[in-house]
Amino acid sequence: MLGEDIAFFPGKDGGIAALWDRCPHRGAYLSRGFCLFDGTVSCPYHGYTFDETGTCVAALTEGPDSGLNGKLRVRHYPTAVVRGVVFVWMGETEPVPIEEDVPEELFDPEYVAVPYASIWPMNWTLTIENSGDSHNSYLHRFRLRRLINFSAFQQLPAYWSGIRIVEETDNSIGFVPAVDAPQQAYYPGVEAKWSRQVWWRWRKQRKPGVETMAKQPYRNQYRLPSIARVNTSITHLHTRYATPVDENHTLMWTFGVIRTQTWWQKLWAKFYLRFWYYIFTIRGVNELEDLPVQRYDRLDPTAPQKLGANDQAIIYWRRRMPLKSRDNVRLWKKGVHIVEEMEAQELAAQQEVGD
Ligand code: FES
Ligand SMILES: [Fe+2]
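Quick caveat: nothing in here was measured; it's all calculated off a predicted structure. Per chain, residue numbering runs from 1 following the sequence as it is written. Throughout, the order in which chains and ligands are written sets their labels, letters from A for the former and numbers from 1 for the latter. Predicted model: local features are reported for residues with pLDDT of at least 70 only, side-chain atom pairs are reported and counted for 80 or more only, and whole-chain, interface and lining totals are derived from all residues. Remark: hydrogens and water are excluded; side-chain values derive from all non-hydrogen atoms of the structure.

1. Here we look at helix 4 (residues 312-324)
A helix here means a DSSP run of H or I that spans at least four residues, while a strand means a run of E at least two residues long, and both kinds are numbered starting from the N terminus. Here, expected helix span is obtained from the residue count minus one, scaled by 1.5 Å. Taking 1.5 Å of rise per residue, the 13 residues of helix 4 would be expected to cover 18 Å, and the 18 Å separating its terminal C-alpha atoms lies within 8% of that figure. Most pronounced at Arg-318, the bend in helix 4 amounts to some 30°, and the proline Pro-322 follows within four residues. Burial classification: accessible surface area is computed with a 1.4 Å probe over protein chains only, and a residue below 20% of its type maximum counts as buried, one above 50% as exposed, and the rest as partly exposed. Among the residues of helix 4, those classed as buried are Ala-313, Ile-314, Trp-317 and Met-321. Contact criterion: two residues are considered in contact whenever any of their non-hydrogen atoms come within 4.5 Å of each other. Against helix 1 (124-131), strand 10 (163-168), strand 11 (172-177) and strand 14 (220-223) lie the buried residues of helix 4. The angle between axes fitted to the seven residues ending at a residue and the seven residues starting there is what we call the bend at that residue.

2. Thoughts on the sheet that holds strand 6 (residues 76-77)
The three strands are arranged 1-2-6 in an open sheet whose pairing can be described as antiparallel. Of all the strands in the sheet, just strand 1 (6-10) and strand 6 have a single pairing partner and so form its edges. Strands are labelled as partners when DSSP assigns at least two bridges between them. For strand 1 and strand 2 (residues 16-20), the ladder comprises five bridges, and the chain directions are antiparallel. Among the inter-strand pairings, Phe-8 is bridged to a residue of strand 2, identified as Ala-18.

3. Notes on the pairing of strand 5 (residues 56-59)
Across three bridges, the pairing between strand 4 (residues 48-51) and strand 5 is antiparallel. Across the sheet, residue Tyr-48 finds its bridge partner in strand 5, namely Ala-59.

4. Examining the pairing of strand 10
Sheet topology places strand 10 next to strand 11; five bridges connect them, and they run antiparallel. Looking across to strand 11, one finds that Ile-165 is bridged to Phe-175. The turn joining strand 10 and strand 11, which pair antiparallel and follow one another in sequence, is formed by three residues.

5. What about the packing of helix 1 against helix 4?
A fitted line through C-alpha atoms represents every axis, and for helices the fit uses only the stretch in contact; the resulting angles, taken between N-to-C directions, go from 0 to 180 degrees. Orientation of helix 1 relative to helix 4, taken along the N-to-C sense of each, is 145°, at an axis distance of 9 Å. Relative to helix 4, helix 1 is oriented so that their crossing is right-handed. Residue-level inspection shows Trp-124, Thr-125, Ile-128 and Glu-129 of helix 1 in contact with helix 4, the latter providing Ile-314, Trp-317 and Arg-318. Two helices that cross are described as forming a left-handed crossing if the nearer one is turned anticlockwise from the farther one by less than a right angle, and a right-handed crossing if clockwise.

Shown next, in the form of structure tokens:
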């Protein structure tokens, strides 16, 4: 995660412990080790044994009186489990309560949330930006498999007319795309209409969740640390938590979320999310349509870019959110300017390439 290898093992109290995956003795991978004693992991090489805080509690091959006990340490990462998913605090500064960094619907029993995870071969920031950009009516215009769930017949505006940022908080921006264009428009440069044919598109779009779901005034949200949410309808949310693995790989968690009130709604929601939604939205749309154009070998995020009115949320996200990241805000007060340092490093790297 974030370029660091992490070893997980069961903690004493039923939680999950996370340590840097390198033994401080001679570097063996702790993830290849053994859980020989409650709440510990023992290195596969010489059996040095570490507890949940990363402290060596027994150096098995050094004997019971080893001076390393209580002294030798490996970095440990605080964890919390929500909806069966392990969240790891990777920050440089003190951890905050998990409720601050995980969307509220995942703590609310009214919402059924089913998580899916898979590795996407692309940079994590692109997975966020993709969630609220203007590709929808073009990239998702038609695939044969869309006949099966009737989305091939859904009306789509020919273009977007910009994006309205309607909310900015300490850790998020909320926005509403202007999607009231007709289905077809004439493009004089190519002397043709786009979309070419729309006669089969008779199904109205579902009402977006604006001002309905949890009284949020936005349809889309980008949120720190790496969350993108879409109110897909009055009761449905599409919540992505993009976990950077390394520069070109993202462990993409997608939570299909539905607000329910009765037991039979809950049952239906679980069934719908586990089967229909997973197959037709997460696999069928996100992984088979969105992912292929943005993979690291098909999209170059370092190429010069010309962002426009439909990219306003992306501009906001890129410019303002890094400054608001918790480590940046906290370390800024101590005189450490991590965003500026990163920008300087990037600039230096670009100049090197230029040279
Ligand atoms: S390398 Fe881990 S105990 Fe020696
Ligand atoms: Fe998409």
